[in-house]
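Geometric and topological summary
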Amino acid sequence: MSEPLADPHAGSSEGRADDLLPEKVCLWLSELSLAGMVVLTVAEVVARSLFNFSLEITDEIGGYLLAALTFLSLPVALTGNAYHRVEFIMTRMTRRGRALARMLFNIVNLAFGLILDWQLIRLVLRSFEQEDRARTLLGTPLW
């Protein structure tokens, strides 16, 4: 077997997710989202088990925190080179081929991100115009 690919940023501080402020903020917010989901779930379990009472907001807030965690962790994973890659192919490529493959991956990610943004903007505008609200206890505006 061949050695795994070395991290291109190993040994240098340039470009690492730990050293970039926007990625650090996304990482902290991701961690807070995860901690919030854990605290909310534990509180719901304790309230139901000990007091026979439900907070009734756990599903809604947990869903929002999960969406936040998903979107906030994407830039951290991208800059940290944490996405899955097919190493048995990448190790056989030249340095230029690996750079080209990474660039192609980033272009495809950008295209999907732009399509997703376009659809989300349409959804936000439509729900704002119609004044849509979640059919839950909190009644959170969907926009």
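None of these values were measured; they are calculated from a predicted model. (Residues numbered from 1 in each chain as written. Predicted model: local features only at pLDDT ≥ 70, side-chain atom pairs only at ≥ 80, totals over all residues. Heavy atoms only, no water.)

Notes on the pattern of salt bridges
Going by this rule: Salt bridge, as applied in this entry: a Lys or Arg side-chain nitrogen positioned within 4 Å of an Asp or Glu carboxyl oxygen. Helix and strand definitions follow DSSP, with helices as H or I runs of at least four residues and strands as E runs of at least two, each counted in order from the N terminus. Buried residues are those whose accessible area, probed at 1.4 Å on protein chains only, stays under 20% of the maximum for their type, while exposed residues exceed 50% and partly exposed ones sit between those limits.
For the structure shown, the criterion picks out one salt bridge. A salt bridge links arginine 48 to glutamate 44; its shortest N-O distance comes to 2.6 Å. One end of the pair, arginine 48, and the other, glutamate 44, are both in helix H1 (residues 21–51), four residues apart, so they sit about a helical turn from each other. Its relative accessible area of 8% is what places glutamate 44 among the buried residues.

Brief notes about H1
Using the following cut-off: One less than the residue count of a helix, multiplied by 1.5 Å, gives the span that helix is expected to have. Any two residues whose heavy atoms approach within 4.5 Å at even a single point are treated as in contact.
Taking 1.5 Å of rise per residue, 31 residues should cover 45 Å, and H1 covers 43 Å from first to last C-alpha, within 8% of that figure. Among the residues of H1, those classed as buried are Glu23, Cys26, Ser30, Ser33, Met37, Leu40, Glu44 and Ala47. In the core, the buried residues of H1 are packed alongside helix H2 (58–79). Positioned one or two residues after H1, asparagine 52 has a phi angle of 55°, which is positive.

Remarks on the packing of H1 against H2
Just so we agree on the cut-off: To get an axis, a line is fitted to the C-alpha atoms, and for a helix only the part in contact is used. The angle between two axes follows their N-to-C directions and goes from 0 to 180 degrees. Here the word oblique covers every angle except those under 35 degrees (roughly parallel), over 145 (roughly antiparallel) and from 65 to 115 (roughly perpendicular). Note: crossing handedness is left-handed where the near helix turns anticlockwise from the far helix by less than a right angle, and right-handed where it turns clockwise. All amino acids are sorted into three groups, where Ala, Val, Leu, Ile, Met, Phe, Trp, Tyr, Cys and Pro are nonpolar, Asp, Glu, Lys and Arg are charged, and the leftover types, Gly among them, are polar.
Following both chains from N to C, one finds H1 and H2 inclined at 155°, their axes separated by 8 Å at the closest point. When the axis of H1 is compared with that of H2, the two are roughly antiparallel. Between H1 and H2 lies a crossing whose hand is left-handed. Where H1 approaches H2, its residues Glu23, Cys26, Leu27, Leu29, Ser30, Ser33, Leu34, Gly36, Met37, Leu40, Thr41 and Glu44 are matched on the opposing element by Thr58, Ile61, Gly62, Leu65, Leu66, Ala68, Leu69, Leu72, Ser73, Pro75, Val76 and Thr79. Among the residues making up the contact of H1 with H2, the classes are represented as 14 nonpolar, eight polar and two charged.

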